[in-house]
Amino acid sequence: MKSPFLACLLLGVLVAACAESESNDDSNAPSGAGGTARGGDSGSGRGGASGSGTGGAAGSGAGGASGSGGTPPAAGTGGSTSPVGGTGGGGTGGAPTAGTGGGGTGGAGGSIGGAGRGGSAGGAGAGGVAGAAAGAGGRGGGTGGGGLSGAGGRGGSASGGASGTGGNGTGGAAGTAGGCGIDPVTPNATQKARKALCYLYQTYGNHILAGQEENNDDNAMNYISSNTGKSPAIRAFDVNNTMAPSQCVAHSRNNGLCVFGYHMGIVSGDGYQSSQTKTDINTLLTEGTTYNNTFKTRLDNVARMVQTVQDADGVAIMRLFHEAGGTWFWWSMEGGAQFVRVYKYAFNYLTATKGLKNMIWLMPYDGSPDGSFYPGKSVVDLGGADTYAGDGNYDPLNSLYKKCVAIFGSSMPIALHECGPIPDPAQLMSTGTKWLFFNVWTAPYYQSPSNSLSHLQSVYTSSYVITRDEMPVL
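Residues numbered from 1 in each chain as written. Predicted model: local features only at pLDDT ≥ 70, side-chain atom pairs only at ≥ 80, totals over all residues. Heavy atoms only, no water.

Draft legend 1. Main features of the overall build of the protein. Helix and strand counts for the protein stand at 10 helices and 12 strands. When burial is assessed residue by residue, the protein has 55% of its 474 residues classed as buried. Carbon and sulfur atoms make up 49% of the accessible area of the protein, which amounts to about 17800 Å² in all. (Helix = DSSP H or I, 4+ residues; strand = E, 2+ residues; numbered from the N terminus. Buried < 20%, exposed > 50% of the residue type's maximum accessible area, 1.4 Å probe, protein only. Areas by Shrake-Rupley, 256 points an atom, 1.4 Å probe, with all protein chains shown as cover.)

Next up, the structure:
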C-alpha cells in the first residue's frame with residue numbers, strides 16, 4: 001500500500017483517482033477536491049387520526065468533497081407535525097481530511113423526540129489523510145407538546161485511518177407529561193406506563209430493543225454484559241420465579257423495561273408441567289367454583305408481583321397466556337373464543353378488581369397467529385409472536401411478522417416476544433421486518449450454538465439495536 005500512497009501524495013489533485021475512498025452501511029464519502037457540503041432535507045411529519053401518526057423521514061446530508069476536508073453537512077431534522085418526532089439523519093464527513101458527520105436532531109414538535117444518528121467519517125481524498133473521526137452522536141428530541149424526552153443519538157462509525165469512536169448524544173428536554181396521543185388500555189394508567197408506551201411507539205420501525213428472559217438467576221444478564229459490555233433493554237420473567245420482582249425493580253431503576261409471563265397451572269398445581277394440563281374453561285370462569293378460585297389465586301400471584309413494580313414506579317409489560325393458538329397450554333386448548341374469555345377475565349381482574357395501573361398489555365401469539373384468538377384493541381397495547389429458528393439461523397422471520405401485521409394492523413407495535421436465535425439486525429432492516437423487541441429464552445439459548453458469541457456481540461453493538469444504556473429516562 002505504500003507506493004500508491006506516495007504517488008498520490010506527490011501528484012496531488014492531478015491523480016486524485018488513485019486515492020481510496022471508504023464506505024460503510026450508511027454512506028459513501030466521496031474523495032477529491034472542491035464541493036460544498038449539503039445538509040439533508042428535513043422530513044415532514046404527517047399527523048394521523050386521533051393525534052397519532054408517523055414522523056417524517058429525516059434527510060441525510062451528503063458529505064462535501066473538499067481538497068482540504070469537507071464541511072460537515074447539516075443534520076436532517078425529524079418531522080415536526082407528528083406526535084412522534086422523526087429521526088434526524090447523520091451527515092457524512094468530507095474528504096480528504098476527516099470531516100465530522102452532523103448529528104441528527106429529533107423532531108421538536110412531536111411529543112416524543114426522534115433519536116439523532118451520528119454521521120460517519122470521511123473517506124480518503126487526493127493527497128489527503130483518510131477520515132478518522134466518527135460522527136458525533138445526534139441530540140435527543142426537543143420538547144414536544146407533552147410526553148417523553150428524545151433518546152440520545154448513536155455515534156457514527158469511522159472509515160479509513162485510525163478508528164474513530166462516535167459519542168452518544170444527549171437526551172432532549174422532557175415535555176409536559178402525557179401528550180403523545182396513545183394511551184394504554186389499562187384504565188387510569190400511571191404516567192410512567194403512558195410514557196413507556198409512547199416510547200415503544202417511537203422505537204417501532206426505527207430500532208429493535210434487546211430483550212432477555214431470566215431463569216430465577218442473573219446468569220443471562222451476566223453472560224451478556226461480560227461478553228458484550230451491554231445489557232438488554234428488556235428483561236423478561238416468569239411469575240413463578242421468586243427473584244422476578246426485585247430483578248425487575250433494579251432493572252427499572254436503570255431505565256429498563258420488564259415483561260411478565262406465567263406458566264400458570266390450574267388443575268394439578270402451578271408451574272410449567274401443570275400449565276400443559278387441560279382444564280375446563282367454562283368451569284374456570286364460573287364464579288365460586290374450585291377452578292375459578294384457583295384461577296383467581298394465580299392472578300393474585302401476578303398482582304403481588306406487578307404491585308411491587310408499581311410501588312417502585314416501574315412498568316410491567318404483560319404477556320400472559322403466551323403462545324396463544326398452540327395446543328400445548330390449557331388456555332389455548334379450547335380454541336380462540338374461549339381464549340378470549342380467559343384473557344379478558346384476567347384483564348378485568350387485574351385492572352378493575354386489583355386496581356393495578358402500570359401495565360402494558362401484549363397479545364402473545366405462537367408461531368402461527370390465528371385471528372380468532374385476538375381479544376381486540378380495547379384490551380391489547382402491543383402485538384407479538386414467538387418462534388425458534390434452528391441453531392445459528394438468524395433469519396429476520398419476515399413471514400411471521402407479516403402474519404402478525406395482518407391481525408394487528410400496521411400501526412400497533414409487534415414484538416418477537418420469545419425466540420432462540422436473534423434475527424440479524426442487517427436483515428431486519430433490509431427486509432422491513434420491524435419487530436419491536438426480541439426476547440431470547442433462558443439458558444442455553446443466549447449461548448452457542450443457538451447464538452454464537454460473535455453474533456451476540458454483533459447484535460448488541462449494532463446501531464439498530466437498543467440496549468439498556470441507550471434507554472431514555474421515562
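Draft legend 2. Local environment of the environment of Pro423. Mapped onto the fold, Pro423 is located in the loop between strand E10 (414–419) and helix H9 (425–431). Spatially, the C-alpha atom of Pro423 lies 9.1 Å from that of Ala389, the residues being 34 residues apart in sequence.

Draft legend 3. Up close: the confidence of the model for the protein. Here the protein averages 74 in pLDDT, and 62% of its residues register 70 or above. Low pLDDT, under 50, characterises residues 1–178; the predicted model gives this stretch 458 contacts beyond four residues in sequence or across chains. (pLDDT = per-residue confidence, 0-100. Contact = heavy atoms within 4.5 Å.)

Draft legend 4. Fine view of the pattern of salt bridges. One pass over the full model with this rule turns up 10 salt bridges. Measuring nitrogen to oxygen at the nearest pair gives 3.0 Å for the salt bridge that ties Asp218 to Arg235. Note that Asp218 is positioned in the loop between strand E4 (211–213) and helix H3 (219–228) and Arg235 in strand E5 (residues 234–238), a separation of 17 residues in sequence. Exposure remark for Asp218: the relative accessible area of 30% places this residue in the partly exposed category. Between Arg298 and Asp270 there is a salt bridge; the shortest N-O distance is 3.7 Å. Here Asp270 lies in the loop between strand E6 (257–261) and helix H5 (281–284) and Arg298 lies in helix H6 (residues 290–311), a separation of 28 residues in the sequence. By relative accessible area, which is 12% here, Arg298 ends up buried. Taken together, the shared-partner salt bridges connect Glu214, Asp218 and Arg235 into one network. (Salt bridge = Lys/Arg side-chain N within 4 Å of Asp/Glu carboxyl O.)

Draft legend 5. A look at the packing of helix H4 (residues 244–252) against H6. H6 packs onto H4 with a crossing angle of 25° between their chain directions and a minimal axis gap of 9 Å. Regarding the angle of H4 to H6, the classification is roughly parallel. In this structure, the crossing between H4 and H6 has a hand that is right-handed. On H6, the residues that touch Ala244, Pro245, Cys248 and Val249 of H4 are Met305, Thr308 and Val309. Here the residues of the contact of H4 with H6 sort into six nonpolar, one polar and no charged. (Axes fitted to C-alpha atoms, helices over the stretch in contact; angles between N-to-C directions. Parallel < 35°, antiparallel > 145°, perpendicular 65-115°, else oblique. Left-handed = near helix turned anticlockwise from the far one by under 90°. Nonpolar A, V, L, I, M, F, W, Y, C, P; charged D, E, K, R; others polar.)

Draft legend 6. Seen up close, unusual backbone geometry. With omega at 10°, the peptide bond leading from Ala443 into Pro444 counts as cis. Position of Pro444 relative to the elements: it lies in the loop between strand E11 (438–440) and helix H10 (453–460). Here the amide bond leading from Ser448 into Pro449 is cis, since omega sits at 15°, within 30 degrees of zero. You can see Pro449 is positioned in the loop between E11 and H10. Despite not being glycine, Asn188 has its phi angle at roughly 50°, a positive value. For Asn188, the position within the fold is in the loop between strand E2 (53–54) and helix H2 (191–203). Take Asn188: its relative accessible area is 59%, and that puts it in the exposed class.

Draft legend 7. Region of interest: H10. Along H10, the residues that are buried comprise His455, Leu456, Val459 and Tyr460. An end-on view of H10 places all buried positions within 125° of arc, on one side of the element. Among the structural elements, E4, H3, H9, E11 and strand E12 (465–466) are those in contact with the buried residues of H10. (Arc of directions from axis to C-beta.)

Draft legend 8. Structural context of the state of the cysteines. Considering all chains together, one arrives at two disulfides under this definition. For Cys180, the disulfide goes to Cys198, at an S-S distance of 1.8 Å. As the torsion about the S-S bond is roughly -75°, the Cys180-Cys198 disulfide counts as left-handed. With Cys180 in the loop between E2 and H2 and Cys198 in helix H2, this pair connects stretches of sequence that are 18 residues apart. Owing to a relative accessible area of 5%, Cys198 belongs among the buried residues under this scheme. The side chain of Cys248 participates in a disulfide bridge whose partner is Cys258; the two sulfur atoms lie 2.3 Å from each other. The disulfide joining Cys248 to Cys258 has a torsion of about 115° about its S-S bond and is therefore right-handed. Within this pair, whereas Cys248 is found in helix H4, its partner Cys258 is found in strand E6, the two being separated by 10 residues in sequence. Exposure remark for Cys258: the relative accessible area of 0% places this residue in the buried category. (Disulfide = S-S within 2.5 Å.)

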